[in-house]
Protein chains: 2
Amino acid sequence: MRIVNKLLQAGLRRSVQNDYARNENALQRMIEYYSRFSPTPLSLRQFLDFAQKSGDEKRSFKWLRQELPTRLANMVKEMNRLPDGLQAMPSTQLVTSWYQQSLEEVIDFDQDNANCRDLVEFNKVLEGIIQRHRNVVETMAHGIMEWNELQKHPEDGQDKIQYFLDRFYTSRIGIRILINQHILLFGDSPVRQPDFYGTIDPKCDVPMVVEDAYNGAKFLCEQYYLGAPALDIDVHNQIEESSEVNIIYVPSHLHHICFELFKNSMRATMERYPHACDVPPVQVRVTKGKSDLGIKISDAGGGASRSVTTRWFEYLYSTAPRPPRSEDARITPLAGYGYGLPISRLYARYLGGDLELQSMEGHGTDAYVYLKSLSTAAVETVPVFNSTTNEQYRRPHLTGDWVVPANQKLKQFRNPFNGH
Amino acid sequence: MRIVNKLLQAGLRRSVQNDYARNENALQRMIEYYSRFSPTPLSLRQFLDFAQKSGDEKRSFKWLRQELPTRLANMVKEMNRLPDGLQAMPSTQLVTSWYQQSLEEVIDFDQDNANCRDLVEFNKVLEGIIQRHRNVVETMAHGIMEWNELQKHPEDGQDKIQYFLDRFYTSRIGIRILINQHILLFGDSPVRQPDFYGTIDPKCDVPMVVEDAYNGAKFLCEQYYLGAPALDIDVHNQIEESSEVNIIYVPSHLHHICFELFKNSMRATMERYPHACDVPPVQVRVTKGKSDLGIKISDAGGGASRSVTTRWFEYLYSTAPRPPRSEDARITPLAGYGYGLPISRLYARYLGGDLELQSMEGHGTDAYVYLKSLSTAAVETVPVFNSTTNEQYRRPHLTGDWVVPANQKLKQFRNPFNGH
């Protein structure tokens, strides 16, 4: 148990093993070693096939034993490219330590000689990782917010922070799916019935998930506004000539995305019609084509101007007030960081889809969620640390290559007009 | 007439003047000289104020005498950064020669001492420039298409070509507006009535322009398909509490954009419902908010997949067959290059707006046109040649920083499913 030997390729193995016993430099060498591998993205079809057909725990263990350290190490390497000041923030160091500890715990297992007790222990380690990393989003958000407030020109480095967070949080979504699939298939209460394989539903009823998300948002909306817009849903299935729309998907991801969009649409609608008897409904259109499944969520909540909507996917932009500073980075709440939309987009993009918003100022907003219709095309989108990544963090802040009048910058004000 | 002296700043003036008489290096020095200036973008408000209040021909002449060479020279410099092979194409050389000749003709005027005859002559030169440059879009398109067909890996340089053409064609839109404003205000038949100032309509009736564009497209559509979708238009004015929507704008630009979008929507709809008695209408929503004017054009023409829609704004992508090669680059037709959408987007962006498309595969497409509600915010977007521009052409083709399975690239096929 928890042995380092036999874990690495022959050449590196012995020296790393010795180092490991002696000092913590070994960890850095492990990170170097695993970051040289590229993550291997899987399609939903591959996840499902494994769960349905050859669901062998030892095979899953061996795969994770290589893939998890690879993905963790790629991310640790990328975190090392963040500005020094940001790396030094206590929250960032906490997150980094979680990644390092999880990597260490996984590589402690012997990939080639795991017995039944090792497999049970591996499950516990995976559950521990899920627990340890559960506040990664908030903690990283907190670190970046605090660091940002210390910057003289916080706008300058924003594109790099956006780049990093999109990649960092996407990587996290993938790591969680890998771990959850293993835990749910081989843990204490395995989920392997015809209607669910781990986190994956082979017949995910899209309109039903949409309605569930709507009901969840409606519940919150009614508590606060004492009312909520109705749901008006319309389904087109080009492929199966059916009024149903099913795909192989991770329903929790889809729910997360739709719940976020409904919350925004309801808030905008109720703010615009606070005393109306007939609040305009939120309209949803679900379409399934050969390649794409589309979900369009339209509200008549007044929309927002382009100067606002172009910032809706920025991590450092939120119309809501910032959460109070906290000495304990672990308990900072997600609400108020304004991460709902960017993270929802990452969920969509993670499996080859996307999320886009179009607003008509003075009328309302349309949100478009795109997913892949085919599970073979729904392939994980996973960041890799390579020379291009390095280049992205290194390149200087370029001046504009279009002429902008001096007063144009003033237009990037924070407009509280819309609650998105 | 056509004198070089007194045109340039004291230091450079004499040497350039002497050179000019002796050899054509002078032209290159003029290009160097003027490319060091940044273009000065104007707002629609400034264009209109000048036309309404202080419309003095000599002032307009002096402004153009500096601004036109600046914009032309910035573009010539940028063309010099294109790949050598592309620069050597006869079409590209033809376009470059037009830019050089026009620049030469403008700087031949003495900025400080123009008499009445000079002003008349200047008008003729401007009309000549409009004529000379009328096929710039097609000719440049032809050169790029021919060059592209000679490339082993045409995909590699596509981002740079896209970058160049977006800037080149935007610059051309601006130059044409500058020239047309002068010709229309001070030419043989000046357009300076309450309802039109040059190309600008101070009360541009947006729904009316939309309907005109619809009728133009309907005429073409009926000729080909013996029918056309109806127009269903809906207007919201948040600002003036009115059923009308007027802005200060260039109606010909707006017409160009909407005509293109209606053509696409009608084609998609008629292809999907070739024998239907009740073809679904094209739905238009016009909204005016504090900052943005929005026009949403929605069809039920079946939409297209993301693998197709993500390429709709690429110059080198068209689902239509390529026009036949021609010995005479001047007569190549625009139709067939598939430039309709990218150029329409540039018209919208030129004055601070945008054009975006969202498609629901299996159902239809929504096009969103955004314009600035306020003429003070509708400022020209003009490319400038600087170190960032240089950097864009120089930077190497980077490998991806996300893992993509090997077979994913095959998905970028050209899908003839949708006629956009």
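Quick caveat, the model's predicted, so the values are computed rather than measured. (Residues numbered from 1 in each chain as written. Chains lettered and ligands numbered in written order. Predicted model: local features only at pLDDT ≥ 70, side-chain atom pairs only at ≥ 80, totals over all residues. Heavy atoms only, no water.)

Right, let's get into the overall build of chain A. Summing up its helical and strand segments, chain A has 14 helices and 11 strands in all. Expressed as a percentage of the 420 residues in chain A, the buried residues total 56%. Taking contacts inside chain A between residues at least 6 apart in sequence as the whole, the part at least 24 apart equals 79%. Accessible surface computed for chain A: about 18,300 Å², of which carbon and sulfur atoms make up 50%. (Helix = DSSP H or I, 4+ residues; strand = E, 2+ residues; numbered from the N terminus. Buried < 20%, exposed > 50% of the residue type's maximum accessible area, 1.4 Å probe, protein only. Contact = heavy atoms within 4.5 Å. Areas by Shrake-Rupley, 256 points an atom, 1.4 Å probe, with all protein chains shown as cover.)

All names here are of chain B. Within the span of helix 14 (residues 387-394), buried status applies to Thr388, Thr389, Asn390, Gln392 and Tyr393. Buried-residue contacts for helix 14 involve helix 4 (57-79) and helix 9 (158-186). Measuring from the backbone nitrogen of Thr388 back to the side-chain oxygen at the start of helix 14 gives 3.0 Å, which picks out Asn386 as the cap. (Polar contact = N/O pair within 3.5 Å; in protein donor to acceptor, adjacent residues only side chain to side chain.)

All names here are of chain A. Scored by pLDDT, chain A comes out at a mean of 86, with 84% of its residues at no less than 70. The low-confidence segment residues 1-16, where pLDDT is below 50, has 44 contacts with residues more than four positions distant or belonging to other chains. Here residues 407-420 is modelled with pLDDT under 50, and outside its nearest four sequence neighbours on either side it reaches 36 contacts, counting other chains as well. Reported confidences for the modelled complex are a pTM of 0.88 and an ipTM of 0.87. (pLDDT = per-residue confidence, 0-100.)

Residues and elements named next belong to chain B. In the contact formed by helix 6 (residues 90-107) and helix 8 (residues 136-150), the axes pass within 8 Å of each other and the chain directions differ by 145°. Seen along the crossing, helix 6 lies across helix 8 with a hand that is left-handed. Side by side, helix 6 and helix 8 meet where Ser91, Thr92, Leu94, Val95, Trp98 and Tyr99 of the first sit next to Val136, Thr139, Met140, His142, Gly143 and Glu146 of the second. For the contact of helix 6 with helix 8, the per-class residue count stands at six nonpolar, five polar and one charged. (Axes fitted to C-alpha atoms, helices over the stretch in contact; angles between N-to-C directions. Left-handed = near helix turned anticlockwise from the far one by under 90°. Nonpolar A, V, L, I, M, F, W, Y, C, P; charged D, E, K, R; others polar.)

Going through the model one piece at a time under the given rule, you end up with three cavities of 30 Å³ or more. Size it by volume and the largest cavity reaches roughly 80 Å³. Considering the residues around the largest cavity, the lining is formed by B:Tyr99, B:Ile129, B:Ile130, B:His133, B:Arg172, B:Ile175, B:Arg176 and B:Ile179. For the lining of the largest cavity, the secondary-structure elements that each account for two or more residues are helix 7 (116-132) and helix 9 of chain B. By residue number, the principal contributor to the lining of the largest cavity is helix 9 of chain B, which donates four residues. For the lining of the largest cavity, the residue count by class is five nonpolar, one polar and two charged. Quantified by volume, the second largest cavity comes out at close to 60 Å³. Lining the second largest cavity are A:Tyr99, A:Ile129, A:Ile130, A:His133, A:Arg172, A:Ile175, A:Arg176 and A:Ile179. Contributions of two or more residues to the lining of the second largest cavity are made by helix 7 (116-132) and helix 9 (158-186) of chain A. (1 Å grid on protein atoms, 1.4 Å probe; cavity = no way out; pocket = protein on both sides within 12 Å on 5 of 7 lines; lining within 4 Å. Points joined across faces, edges and corners; volume = space filled by probe spheres on them.)

By secondary structure assignment, the location of B:Glu380 is in the loop between strand 9 (364-372) and strand 10 (382-383). At a separation of 2.5 Å, a polar atom in the side chain of B:Glu380 contacts the side chain of B:Tyr350. Ignoring sequence-local partners within four residues, the contact set of B:Glu380 consists of A:Val403, B:Thr40, B:Pro41, B:Leu42, B:Phe47, B:Arg71, B:Gly174, B:Tyr350 and B:Leu351.

For B:His397, the position within the fold is in the loop between helix 14 and strand 11 (402-403). Counting along the chain gives 237 residues from B:His397 to B:Lys160, while the straight-line C-alpha distance between them is 9.7 Å.

Contact residues are listed per partner, giving 54 residues for chain A and 54 residues for chain B. Both faces considered, chain A and chain B share a buried interface measuring about 4,600 Å² in area, 55% of it formed by carbon and sulfur atoms. Seen at the junction of chain A and chain B, the total is eight salt bridges. A salt bridge links B:Arg167 to A:Asp401, with the shortest nitrogen-to-oxygen separation between them at 3.7 Å. Here chain A and chain B share 33 residue pairs in polar contact (both at pLDDT 80 or more) between them. Mapped by element, the contributors of at least two residues to the side of chain A that touches chain B are helix 9, strand 6 (282-288), strand 7 (292-298), strand 8 (354-360), strand 9 (364-372), strand 10 (382-383), helix 14 (387-394) and strand 11 (402-403) of chain A. Top contributing element to the side of chain A that touches chain B by residue count: strand 8 of chain A, with five residues. Residue composition of the side of chain A that touches chain B, by class: 18 nonpolar, 20 polar and 16 charged. Where strand 10 of chain A lies against strand 11 of chain B, two bridges are found, and the strand directions are antiparallel. Residue pairing across strands places A:Pro383 opposite B:Trp402, the latter belonging to strand 11 of chain B. (Buried area = accessible area lost by both parts, 1.4 Å probe. Salt bridge = Lys/Arg side-chain N within 4 Å of Asp/Glu carboxyl O. Pairing = 2+ DSSP bridges.)

The next thing to look at is the relation of the copies chain A and chain B. By a simple turn and slide, chain A fits onto chain B: the slide is 0.0 Å along the axis, the RMSD is 0.0 Å, and the turn is 180°. Given the turn and translation reported, the copies of this chain are related as if by a two-fold rotation axis. Within chain A, the C-alpha atom positioned nearest to the axis of rotation is that of A:Gln358, 4.4 Å from it. (Least-squares fit on C-alpha atoms with pLDDT ≥ 70 in both.)

The subject of this paragraph is the packing of aromatic side chains. Inspection of the entire model under this criterion finds 35 aromatic pairs over all chains. Judged by centre distance (4.7 Å) and plane angle (85°), the ring pair of A:Phe61 and A:Phe122 falls under edge-to-face. With A:Phe61 in helix 4 (residues 57-79) and A:Phe122 in helix 7, this pair connects stretches of sequence that are 61 residues apart. Grouping residues by exposure puts A:Phe61 and A:Phe122 together as buried. Summarising the aromatic geometry, the rings of B:Tyr33 and B:Phe37 are spaced 5.4 Å apart at their centres and angled 80° between planes, so their arrangement reads as edge-to-face. Through a chain of ring-to-ring contacts, the aromatic side chains of A:Tyr99, A:Phe164, A:Phe168, A:Tyr169, A:Tyr315 and A:Tyr339 assemble into a single cluster. Positioned above the aromatic ring of B:Trp402 is the side chain of A:Arg167, whose terminal nitrogen or guanidinium carbon lies 5.3 Å from the ring centre. (Phe/Tyr/Trp six-rings, centres within 6.5 Å; stacked < 30°, edge-to-face > 60°. Lys NZ or Arg CZ within 6 Å of the ring centre and 35° of its normal.)

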